[in-house]
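The chain contents come next:
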Amino acid sequence: MAALRTVAAVLAIATAQLTAASQAARVSPRAHRQMLPAHSASPRSQPLRVSAVSRITTNDNRRPAGRLERGVYTLRLEVREGMLFPEEANGPGVPALAFAEVGAALQVPGPLVRVPQGTEVRVSIHNPLPDSSITVHGLGTQSRADDSGLRIPAGATRQVTFKAETPGTFFYWGTTGNRDLNDREWHESQLSGALVIDAPGAPVEDRVFVIGHWFRPGDSTLAVPRPDQELMVINGRSWPHTERLTFTQGDSVRWRWINASAVSHPMHLHGFYFYVESRGDARTERTYSGDARPFLVTQLMLSGETMRVSWVPERSGNWLFHCHFAFHVSHHLVLKRDVVARGAVADSTTAGGATHASHAAQSPRGSVAAAVVPHQMAGLVLGIHVRPAAGVPVGASTSSARPRARAIRLLAQAAPNRFGRLAGFGYVVQDGPAPPARDSISIPGPLLVLRRGEPVRITVVNHLAEATAVHWHGIELESFPDGVPGWSGAPGRIMPPIAPRDSFVAEFVPPRAGTFIYHTHANEQLQLGSGLYGALLVVDPERPFDSAIDKVILVGGAGAADSLPQFGLESPGLVNGSSAPPPMDLRAGTTYRLRFININPDFRVFFSLMSDSALAVWRPVAKDGADLPALQRAERAAVLLTGPGETADFEFTPATPGEWRLEVKTQISGNGVPGWIIPIRVRVR
Ligand SMILES: [Cu+2]
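Residues numbered from 1 in each chain as written. Predicted model: local features only at pLDDT ≥ 70, side-chain atom pairs only at ≥ 80, totals over all residues. Heavy atoms only, no water.

Draft legend 1. Looking closely at the nonpolar core. If you look at the biggest cluster of nonpolar residues, it comprises 66 residues, and the most contacted ones within it are Trp255, Trp257, Phe274, Phe321, Ile384 and Trp472. Membership of the second largest hydrophobic core comes to 27 residues, among which are Met584, Phe596, Ala638 and Val664. (Core = buried A, V, L, I, M, F, W, Y, C linked by side-chain atoms within 4.5 Å. Buried < 20%, exposed > 50% of the residue type's maximum accessible area, 1.4 Å probe, protein only.)

Right under this line is the structure:
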């Protein structure tokens, strides 16, 4: 145990990543639900009254609130109760406290504070609640040490004045119970607003997005028992009711993201890489420049983190930016509980594999059945339309047949009783004219190795009992084959869901060698959890895949978690399809390429390579499939935190014979969150 503690101690100080992660109490969408009943069990002294409330308007953060005159910015805020409507304006709503400018409409997120650097900021906050104080954090000089919070007693008004000294993306947030940001209860969870300080001359044609999370535990003691209710919003709205962004091919896109929710979100962009220009939290920010900027397709944002990103949509069509936790984009976050009957999903994963729930989830929802049938997701999804630049034909490079394209036939199939009584879903590649048995599946799907620059034509055949689709995660391709059913493509040519017994042809030319993922982009909680995922490697012709050197460590799900009997108690993970992977045999002096992939539906995953007494050292070489610039390739301690939808490549050269342990695990650090750990012996000869 002493040795283990030593390693643990080393781990704890090895990287800021680990430290930050262990401070973020929540690991998975289900984990936070486990934490919350403890709060709900303690009676609230002052229940939120939901009678006589006003409508909360959603705030797109385009227009700063307040008044700026002669270098002095003045804003008068108050907190009131209201109803938030994250879907249709006349749809279902939830009660919440919200910020407003005094006398004006309530807003979620709160009124935007946006000022030039050097401005004197004067904010007053009125708390009209009769018997609850409010504490507001994030207003003050941009120093974390300062942020003990501004306490406003019931019925009182307080003012804060500070100089906007440091440019960046920050936020203010309130609590009625002096709780931490990641511990707020449902009624106070929307008390968050953006605070942006612009440097002189910096571009301000950007957009500001605040991620919110609202969770109210169910109450079975009511005359009409109330189930758990949960929603996740981007600027107050849940997909498909989030704002649509429209750009023209070649535009520069600049976004600021603020995770004011209690949980982490791996935010993933389809079709393009983005640069992370800065990262921070409510009070501080770190800016990257030049080659130091992370260049990736998925950025994990912990609770309370912010980021500024930039990217260029080089190809036209429809794209998405979304959270990669399956639950955070699932039908569970649709407030209309009658759309999908909870429990039907469990039935669907028994031996037959047939499902009615997914069809229900995919049926278009009334008021938004416009030109495009919305994808069945909900929650943290942002839709992006990219118009073609003048003179560029839509989908020019994929619409015509490619005679020399390499053909792959990929079957999506199901096998009964793969996870206990639950079916597994998996991909199989058909070689030759004879199709494989209908219940033959592989979890993960077969390793697909493509060659950079070589056209590929993948026919996806759906042998499932429900519609599906495949997303080529991280590949810079045209919109149509991108794999989001009812969304990918452009007006007049939208990718359909692949119906049972139907097929779909995805054609693309992978432009970049690296580690990617292919996975289902339909009914992800069920399909991804059940096994529809695999590693997609793109290699240079001069450096083909070599299984003796290239080691893929792929973490996926092990059964549709919300269908499992132990749902909420334990969530499974698999490494390369196994909960007890075989040892990895390496040779001293050889340089290996470890290709890590996290495509688990629900969990952040840590990887660490260690002996009994020390962490190994490895060299990062690629992130999300993109080679790292030399500046980011410094050797470092062998620990890695990933969210779903991330890949990362490291070179590892064991110097001497011996034994290492590659640990693959979820967070289990002292907060009661359950997890799993899968150790792999690494034997060096
Ligand atoms: Cu999320």
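Draft legend 2. Focus on the sheet that holds strand β39 (residues 605-610). Strand order in the open sheet formed by five strands is β37-β46-β45-β39-β43, with mixed pairing between adjacent strands. Every other strand in the sheet has two partners, leaving β37 (584-586) and β43 (639-642) as the edge strands with one partner each. On average, adjacent strands in this sheet sit at an angle of 15° to one another, irrespective of strand direction. (Pairing = 2+ DSSP bridges. Helix = DSSP H or I, 4+ residues; strand = E, 2+ residues; numbered from the N terminus. Axes fitted to C-alpha atoms, helices over the stretch in contact; angles between N-to-C directions.)

Draft legend 3. Highlighting the pattern of salt bridges. In total, this model carries 33 salt bridges according to the counting rule given. Residues Lys623 and Glu646 are paired through a salt bridge, measuring 2.8 Å at the closest nitrogen-oxygen approach. Residue Lys623 is found in strand β40 (residues 617-623), and its partner Glu646 is found in strand β44 (residues 646-652); the two are separated by 23 residues along the sequence. An identical accessibility class is assigned to Lys623 and Glu646; each is buried. A salt bridge links Glu663 to Arg661, with the nearest nitrogen and oxygen atoms 3.1 Å apart. Shared partners join several salt bridges into a network, and the residues in it are Arg543, Asp550, Arg593, Arg595 and Asp649. (Salt bridge = Lys/Arg side-chain N within 4 Å of Asp/Glu carboxyl O.)

Draft legend 4. Spatial organisation of the sheet that holds strand β26 (residues 422-429). Taken in spatial order, the four strands of this open sheet run β26-β25-β28-β32, and their pairing is mixed. Edge positions in the sheet fall to β26 and β32 (503-508), since each has one partner strand and no second. Across the sheet, the mean angle separating the axes of adjacent strands is 25° when strand polarity is ignored. Pairing analysis gives seven bridges linking strand β25 (residues 406-419) to β26, with the strands arranged antiparallel. In the sheet register, Leu410 faces β26, and the bridge partner there is Val429.

Draft legend 5. Focus on the coordination of the copper ion. Around the copper ion, the protein contributes the donor atoms His265 (ND1), Cys323 (SG) and His328 (ND1), at 1.9 to 2.1 Å from the metal centre. Donor residues for the copper ion, ordered by position in the chain, follow H-x57-C-x4-H. Summarising the burial analysis for this pair, Cys323 and His328 share the class buried. (Donors = N, O, S within 2.8 Å, 3.2 Å for Na, K, Ca; no water.)

Draft legend 6. Representation of unusual backbone geometry. Omega for the peptide link from Val108 to Pro109 comes to -5°, which places this bond in the cis form. Looking at where Pro109 falls in the secondary structure, it is placed in the loop between β5 (106-108) and β6 (110-116). In this structure, the amide linkage connecting Trp239 to the following residue, Pro240, adopts the cis form with an omega of 5°. The topology assignment puts Pro240 in the loop between β14 (229-234) and β15 (244-248). Residue Asn61 is not a glycine yet carries a positive backbone phi of 60°. With respect to the helices and strands, the residue Asn61 is situated in the loop between β1 (54-58) and β2 (67-69).

Draft legend 7. Quick look at the packing of aromatic side chains. For the structure shown, the criterion picks out 25 aromatic pairs. Seen in terms of ring centroids, Trp472 and Tyr518 are 6.2 Å apart; in terms of plane orientation they differ by 25°. Their pairing is stacked. Of the two residues, Trp472 is situated in strand β29 (residues 470-473) and Tyr518 in strand β33 (residues 514-520); the sequence distance between them amounts to 46 residues. As far as burial versus exposure is concerned, Trp472 and Tyr518 are alike and both buried. Through a chain of ring-to-ring contacts, three or more aromatic side chains come together here, namely Phe209, Phe247, Trp255, Trp257, Phe272, Phe274, Trp311, Trp319 and Phe321. Lying over the aromatic face of Phe480, Arg493 brings its terminal NZ or CZ to 3.8 Å of the ring centre. Its guanidinium or amino end placed over the ring of Tyr273, Arg512 lies 4.4 Å from that ring's centre, counting from NZ or CZ. (Phe/Tyr/Trp six-rings, centres within 6.5 Å; stacked < 30°, edge-to-face > 60°. Lys NZ or Arg CZ within 6 Å of the ring centre and 35° of its normal.)

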